[in-house]
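This is what each chain is made of:
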Amino acid sequence: MKAIQYSEHGPADVMHYIDLPDPVAGPGQVLLKIEAASVTPFDWKLRAGYLQNHFTLPMPSVPGRDAGGTVVAVGNGVTEFTVGDRVAVMAGVFAQGGYAEMIAVDEKHAVAIPERLSTVEAVALTNAGLSAWIALRAAEVRSGDKVLVHAGAGAVGGLLVQLCHHLGADVTATCRSTNRDYVLGLGANRIIAYDQEDFSELLKARDVVFDLMGGEVHDKSYKVLKKGGHLVWLVADPIRDRGAEFGVTVTRAMVSDDKSALQSMMELAGAGILKPQVARTMPLSEAAEAHRLIEKSAISRGRLMLTM
Ligand SMILES: NC(=O)c1ccc[n+]([C@@H]2O[C@H](COP(=O)([O-])OP(=O)(O)OC[C@H]3O[C@@H](n4cnc5c(N)ncnc54)[C@H](OP(=O)(O)O)[C@@H]3O)[C@@H](O)[C@H]2O)c1
């Protein structure tokens, strides 16, 4: 099979489009012919070596935290899937990732793709969806809550806006001014354009803030929460926890491979409640260029996808 692989941390050029032996389905595993994989901020940060304090990546490594395609073989003991099924899978950090033409994963890491969704759409909902769902669960958003979603035009933020809107929350989102109408279309009630306005001067008494940015955005977010409010963060960099000072709860959303969470996202999308957001597709062979784009924040309005 064709795959993207790197043997050392470094710039996007360390990634090479190469031939690798086809994987085989071990016991309890499904083998997929991959149609699409997501390109996430995590992928480039891991490749660049910025996450070495958290993960020691075995080298060489095939990147990618998710994939979707058609089952072409099943290992012994697989009960849920058969050849021909369309599935989306969560790929572990240490196993082979989704930037390849084939992947073998445990069936506990696979979910069926609803008929309503294309495979590309389903994968756009896989790693991003898992992140959004786990953050939402941590925040315990209720109908009527005043919620602030940072980075509402991003892959995870866009799903959080949709989920909070679906739950009946009053949703404010931050995004670039040119993305205002796009994020309103996802269900936000109000937009604060981060390139024109300072959210911390315009908002107060939020029940929940989702911080997908860290740094200065994190620091300023305390001020807009009500006492007893909840700041849920999901960034790689450490934050300065000022929860006690402001009387708010601070929770890190720990994203892990959670099949029931992913299934919930697929069900919502299958019912038409949640719309997966695909920013752009590029061929697998252009993965290095895809990383350059995401690294310089040139991707907006959903996920950048590789197609095989
Ligand atoms: N810890 C975890 O397990 C975990 C899991 C998933 C994601 N994350 C993190 O969550 C973040 C978002 O992930 P993603 O996949 O949604 O990324 P993404 O699709 O690349 O989105 C990034 C978004 O950030 C927005 N942005 C940039 N500067 C901003 C600012 N000052 N204020 C508000 N928005 C701003 C951009 O908005 P415009 O397009 O409008 O400019 C862009 O759409 C990343 O940092 C990622 O590492 C962490």
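Residues numbered from 1 in each chain as written. Predicted model: local features only at pLDDT ≥ 70, side-chain atom pairs only at ≥ 80, totals over all residues. Heavy atoms only, no water.

Peer 1: Now, about the overall build of the chain: what can you tell me, with residues and values included?
Peer 2: For the chain, the helix and strand inventory stands at 10 helices and 15 strands. Its C-alpha atoms give the chain a radius of gyration of 19 Å, within 12% of the compact-globule value 19 Å for 308 residues. Seen along its three principal axes, the alpha-carbon backbone of the chain occupies a region of about 55 × 40 × 35 Å. Looking at the chain as a whole, 54% of its 308 residues are labelled buried. Long-range contacts, defined as pairs at least 24 residues apart, comprise 65% of the intrachain contacts of the chain with a sequence gap of at least 6. When the accessible surface of the chain is summed, it comes to about 13,200 Å², and 49% of that surface belongs to carbon and sulfur atoms. Across the chain, 30 positive and 35 negative side-chain charges occur, with their mean positions spaced 6 Å apart. (Helix = DSSP H or I, 4+ residues; strand = E, 2+ residues; numbered from the N terminus. Rg over C-alpha atoms; globule rule 2.2 N^0.38 Å. Buried < 20%, exposed > 50% of the residue type's maximum accessible area, 1.4 Å probe, protein only. Contact = heavy atoms within 4.5 Å. Areas by Shrake-Rupley, 256 points an atom, 1.4 Å probe, with all protein chains shown as cover. Lys, Arg positive; Asp, Glu negative; His and termini not counted. Charge placed at Lys NZ, Arg CZ, Asp CG, Glu CD.)

Peer 1: With reference to specific residues and values, describe the sheet that holds strand β8 (residues 146–149).
Peer 2: Read from one edge to the other, the open sheet built from six strands follows the order β10-β9-β8-β11-β12-β13, with strand pairing classed as parallel. The open sheet is flanked by β10 (190–193) and β13 (249–252), the only strands paired with a single partner. For this sheet the average axis-to-axis angle between neighbouring strands, irrespective of direction, equals 15°. Across four bridges, strand β12 (residues 225–233) lies against β13 in parallel orientation. By the bridge assignment for β13, H230 is matched with T249. Helix-sheet contacts for helix α3 (residues 127–139) involve β11 (206–211), β12 and β13, and the interaxial angle to β12 is about 155°. (Pairing = 2+ DSSP bridges. Axes fitted to C-alpha atoms, helices over the stretch in contact; angles between N-to-C directions.)

Peer 1: Describe the site of the ligand, listing the residues and the values that go with them.
Peer 2: Lining the immediate environment of the ligand, one finds 19 residues, of which R176, Y194, L234, S300 and R303 sit closest. One of the side-chain N or O atoms of K45 is found 3.1 Å from an oxygen atom in the ligand. A distance of 2.8 Å separates an oxygen atom of the ligand from a polar side-chain atom of N179. Mapped onto the shell around the ligand, the elements with two or more residues apiece are α1 (41–48), α4 (155–166) and β9 (170–175). Across the shell around the ligand, the residue classes tally to 11 nonpolar, five polar and three charged. Two domains each provide a minimum of three residues to the shell around the ligand, namely domain 1 (2–117 + 276–307) and domain 2 (128–252). (Near = heavy atom within 4 Å. Polar contact = N/O pair within 3.5 Å; in protein donor to acceptor, adjacent residues only side chain to side chain. Nonpolar A, V, L, I, M, F, W, Y, C, P; charged D, E, K, R; others polar. Domains from an automatic or database assignment.)

Peer 1: Describe in detail the domain arrangement of the chain, supporting the description with residues and values.
Peer 2: Bring the parts together and some accessible area is lost; that lost area is often taken as the interface size. In terms of domains, the chain is made up of domain 1 (2–117 + 276–307) and domain 2 (128–252). Placing the centre of domain 1 and that of domain 2 at their C-alpha centroids yields a distance of 28 Å. Taken together, the contact between domain 1 and domain 2 spans nine residues of the former and 13 residues of the latter. The contact between domain 1 and domain 2 buries some 930 Å² in all, and 48% of this surface belongs to carbon and sulfur atoms. Interface area lost by domain 1 to domain 2 is led by Q277, R301 and R303, which between them contribute 52%. In this structure, the connection of domain 1 to domain 2 is made through zero salt bridges. Here domain 1 is connected to domain 2 by six residue pairs in polar contact (both at pLDDT 80 or more). Looking at the side of domain 1 that touches domain 2 residue by residue, the classes come out as two nonpolar, five polar and two charged. (Buried area = accessible area lost by both parts, 1.4 Å probe. Salt bridge = Lys/Arg side-chain N within 4 Å of Asp/Glu carboxyl O.)

Peer 1: Before we move on, could you go through the side chain of N179 and cite the residues and values that matter?
Peer 2: Summarising the element assignment, N179 is placed in the loop between β9 and α5 (180–185). N179 gets classed as buried once you look at its relative accessible area, which sits at 5%. A polar contact of 2.8 Å, which involves the side chain of N179, links it to the side chain of S300. If we ignore the near neighbours within four places in the chain, the residues touching N179 are A153, S300 and R301.

Peer 1: Please set out the pairing of β12 residue by residue, giving values where relevant.
Peer 2: Taken together, the five bridges between β11 and β12 define a ladder with parallel strand orientation. Directly across from F210, in β12, lies its bridge partner V232. Handedness of the β-α-β unit built from β11, helix α7 (residues 215–221) and β12 comes out right-handed. (Right-handed = clockwise from strand over helix to strand, strands pointing away.)

Peer 1: Help me get a handle on the packing of α3 against α4, residues and values and all.
Peer 2: In contact at an axis separation of 8 Å, α3 and α4 are set at 50° when each is read in the N-to-C sense. Taken as axis vectors, α3 and α4 run oblique relative to one another. In the crossing of α3 with α4, the sense of the turn from one axis to the other is right-handed. Mapping the contact onto sequence places A128, G129, S131, A132, W133, A135 and L136 in α3 and A155, V156, L159, L160, L163 and C164 in α4. Here the contact of α3 with α4 is composed, by residue class, of 11 nonpolar, two polar and no charged. (Parallel < 35°, antiparallel > 145°, perpendicular 65-115°, else oblique. Left-handed = near helix turned anticlockwise from the far one by under 90°.)

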